[in-house]
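Fold and geometry: a report
Each chain, letter by letter, is given below.
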Amino acid sequence: MSRVLVLHYHEIWLKGGNKRYFTSRLMAAIKAAVAGLPIESLVQASERLILTPREPASLQAMAERIEKVFGLAYFASAESVPAEQGEVVRAACALMRAKKPASFAVRAKIAQPLFGMSSMELEREAGREILAALRAEDPNARVNLTKPEATCWIEVIPNRALVYTDRSEGAGGLPAATGGRLVVLLSGGFDSAVAAYKMMRRGVHAAFVHFYAAPSPASGSSLPIAEQIVRVLTPYQFTSRLYRVPFDAIQREIVARTPDRLRILLYRRMMARIATEIARAERALGLVTGDSVSQVASQTLHNLRALDQGLTLPVYRPLAGDDKEEIMRWARRIGTYAISCEPFEDCCPRFMPRSPAIFAKADEVERAETALDIESLVRNGLEGVRVTAFKYSEGVVTLSDAEPQRLKRRFTH
Ligand code: ATP
Ligand code: MG
C-alpha cells in the first residue's frame, strides 16, 4: 500500500485528435510544477495521471503545487493497493473508519475489469463492508446515495486500485501554453488581472504591459502593484514578461491637443497601439483587456467600438459579460484581490476629464487624433520600455531584468 496523487483531467479536450499533444503538455506542466520535490514517478493510467512521491510527507506540498496546474478537473490523495477485492475493501474500510461519517456512499470506477465485477457490484460489496465497520462504533451509521456526509471513491486501473475519501477541485481549463500567446494590458486594478487569468486558463501564454505615470504624493506608484500581480499569476504559466511603459508624456500631449471628453478613449487607443507593437515583438496573436460592458463610461458598447477602430490585432475581453461580484470572487480566488486593493495611480488624475464621452463615435475619435503625431508618440513610449522576466521554479518566482530585444530591432529599423 502506498500514497499517491491521482489527477483527473477534463474529458472535453480528449475528444479531438489533439489528445496526445494536450496530455503531453499537461504532464510537462505537472513535472515543472512539482520540480524540486521528491517525486518517484508520474505515469498515465487509463485517462488519469498518477503522481507517486518518494516520501509520503511531501504529498501535501505536491498537492499545493498541483492546485495551480491548468487542465485538471480534480485530484486526490489516494491509497494505492493491489487490484484484489480483499485489499480494496480493507483500504476502503480503514479510510472510512478514520472519517466516522454518519452517512456515506461508495463510488467506483472500473477502467480495468479485474474482479469480474461491475462498478455497481463493487460499490455494493464495499458499501456492505464499510457499513459493518462503521456500525461497530455507531449503530446509526447508514448509506445515503443522494447526500452522503462522506464518499469513498474506488478506481480500478491496470494492476492496482486507488481508494480515497477526499478530493480537491483542479484549476480547470487547458494545459499552460497550449493556445498561443496574447498581450495583456494590465492596469493593477481588479479587472485586468482576472481577465489575464481567464485567458491563461484557456491555455494562453500571457505577456503583460503596464502603462505608468509618476505617482502623486497622495498615493503610491502602480509599478509595484503590477509587478506583484504578475508574480501571483506566473506560477500558472511558469514564465512571464512584464513590459513597463512610461505614459506621462503621451497623456500630456493628448491633454494639450484634443477635446477633454475624448481623453480617456484616446489614452486607451494609444495604449492599444503600443501594446500591438509589443505583441508583434512577442509574436502574440492579440490583446487582452479587463473591460466589462458598461462598467464605466469608457466601456459602453459605443466606446468599445471606438477603441478598437483601426486596430490590427483582435482584442479579447473575457470579462465583457461578467459583473463586478463575479470578478471580485475570481480576484479573491486567484490571490490578486488584496494587491489591487492597495491605493495607486496608474495614470495621473490631473489628466482625467470632468465629463467623459459615453457614446463616442469612431470617426470623431479618429478626427481628434489627427492633432497628434501618433507614430512618434508610439515610438516615444516604446523607447522608454523596461522589461522584467519572471520565472517560476521549485515553488519560487524569481525576477530579472530582460532586454526588449525584438522590440528594439523593430523600431530602430
Ligand atoms: P481594471 O480593474 O483592470 O483597472 P477598470 O474597470 O478600472 O479596469 P479602466 O481603468 O477603464 O477600467 O481600464 C480598462 C482596461 O484598460 C483595463 O482592464 C486594462 O486592460 C486597460 N488599462 C487601463 N489602464 C491601464 C494601464 N495603466 N496599463 C495597462 N492597461 C491599462
Ligand atoms: Mg482601472
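All values derive from a computational prediction rather than experimental measurement. (Residues numbered from 1 in each chain as written. Chains lettered and ligands numbered in written order. Predicted model: local features only at pLDDT ≥ 70, side-chain atom pairs only at ≥ 80, totals over all residues. Heavy atoms only, no water.)

Formed by 57 residues in total, the largest nonpolar core has its most connected members in Leu-7, Ile-30, Leu-51, Ile-66 and Phe-208. When residues in this core are grouped by element, the largest group, eight residues, is from helix 5 (residues 190–201). When residues of this core are assigned to domains, at least three fall in each of domain 1 (2–169) and domain 2 (181–412). Apart from residues lying up to four places away in sequence, Leu-7 is in contact with Ile-30, Leu-42, Arg-48, Leu-49, Leu-51, Ile-66, Leu-72, Tyr-74 and Phe-75. Counting 44 residues, the second largest nonpolar core, distinct from the first, contains Ile-250, Ala-306, Val-365 and Ala-368. (Core = buried A, V, L, I, M, F, W, Y, C linked by side-chain atoms within 4.5 Å. Buried < 20%, exposed > 50% of the residue type's maximum accessible area, 1.4 Å probe, protein only. Helix = DSSP H or I, 4+ residues; strand = E, 2+ residues; numbered from the N terminus. Domains from an automatic or database assignment. Contact = heavy atoms within 4.5 Å.)

So, on to the packing of aromatic side chains. One pass over the full model with this rule turns up 10 aromatic pairs. Seen in terms of ring centroids, Phe-70 and Tyr-236 are 5.2 Å apart; in terms of plane orientation they differ by 25°. Their pairing is stacked. Placement of Phe-70 in the loop between helix 2 (59–66) and strand 4 (72–82) and of Tyr-236 in the loop between helix 6 (223–233) and strand 13 (239–246) is noted, with a sequence separation of 166 residues between them. The two residues Phe-70 and Tyr-236 agree in class, both being buried. Taken together through their ring pairs, the aromatic side chains of Phe-70, Tyr-197, Tyr-236 and Trp-330 make up a single cluster. Seen from the ring of Tyr-74, Arg-167 lies directly overhead, with NZ or CZ sitting 3.8 Å from the centre. The ring of Tyr-337 has Arg-332 sitting right over it, with the charged end atom 4.2 Å from the ring centre. (Phe/Tyr/Trp six-rings, centres within 6.5 Å; stacked < 30°, edge-to-face > 60°. Lys NZ or Arg CZ within 6 Å of the ring centre and 35° of its normal.)

Within the sequence span of helix 13 (residues 374–383), burial applies to Ile-374, Leu-377, Val-378, Gly-381 and Leu-382. Down the axis of helix 13, the smallest arc covering the buried residues is 135°, so these residues share one side. (Arc of directions from axis to C-beta.)

For the rest of this paragraph, the subject is the sheet that holds strand 15 (residues 315–316). Read from one edge of the open sheet, seven strands run 15-14-10-11-13-17-18, paired in mixed fashion. The open sheet is flanked by strand 15 and strand 18 (396–402), the only strands paired with a single partner. Alignment of strand 10 (residues 181–185) against strand 11 (residues 205–212), held across five bridges, turns out to be parallel. Considered in strand 11, the bridge of Val-183 is made with Ala-207. Each of strand 10, strand 11, strand 13 and strand 14 (287–288) touches helix 8 (residues 263–282); the most contacted strand, strand 10, lies at about 150° to it. (Pairing = 2+ DSSP bridges. Axes fitted to C-alpha atoms, helices over the stretch in contact; angles between N-to-C directions.)

As a further point, take the domain arrangement of the protein. On domain assignment, one finds that the protein holds domain 1 (2–169) and domain 2 (181–412). In this structure, domain 1 and domain 2 have C-alpha centres spaced 43 Å apart. Contact with domain 1, which involves nine residues of that partner, is made by 10 residues of domain 2. Of the roughly 840 Å² buried where domain 1 meets domain 2, counting both sides, 67% is carbon and sulfur surface. When residues of domain 1 are sorted by the area they lose upon contact with domain 2, Arg-65, Lys-68 and Phe-70 head the list and together hold 65% of the total. Scanning the region where domain 1 abuts domain 2 turns up one salt bridge. Its salt-bridge partner being Glu-169, residue Arg-333 comes within 3.9 Å of it at the nearest N-O pair. Our enumeration of links across domain 1 and domain 2 arrives at zero residue pairs in polar contact (both at pLDDT 80 or more). The residue makeup of the side of domain 1 that touches domain 2, split by class, is five nonpolar, one polar and three charged. (Buried area = accessible area lost by both parts, 1.4 Å probe. Salt bridge = Lys/Arg side-chain N within 4 Å of Asp/Glu carboxyl O. Polar contact = N/O pair within 3.5 Å; in protein donor to acceptor, adjacent residues only side chain to side chain. Nonpolar A, V, L, I, M, F, W, Y, C, P; charged D, E, K, R; others polar.)

It is at 10 Å that the axes of helix 8 and helix 13 come closest, and there the two elements cross at 60°. With respect to helix 13, the element helix 8 is oriented oblique. Crossing handedness for the pair helix 8 and helix 13: right-handed. Residues Met-270, Arg-273, Ile-274, Glu-277 and Ile-278 of helix 8 form the contact with helix 13, whose own contacting residues are Ile-374, Leu-377, Val-378, Gly-381 and Leu-382. Of the residues assigned to the contact of helix 8 with helix 13, the class counts are seven nonpolar, one polar and two charged. (Parallel < 35°, antiparallel > 145°, perpendicular 65-115°, else oblique. Left-handed = near helix turned anticlockwise from the far one by under 90°.)

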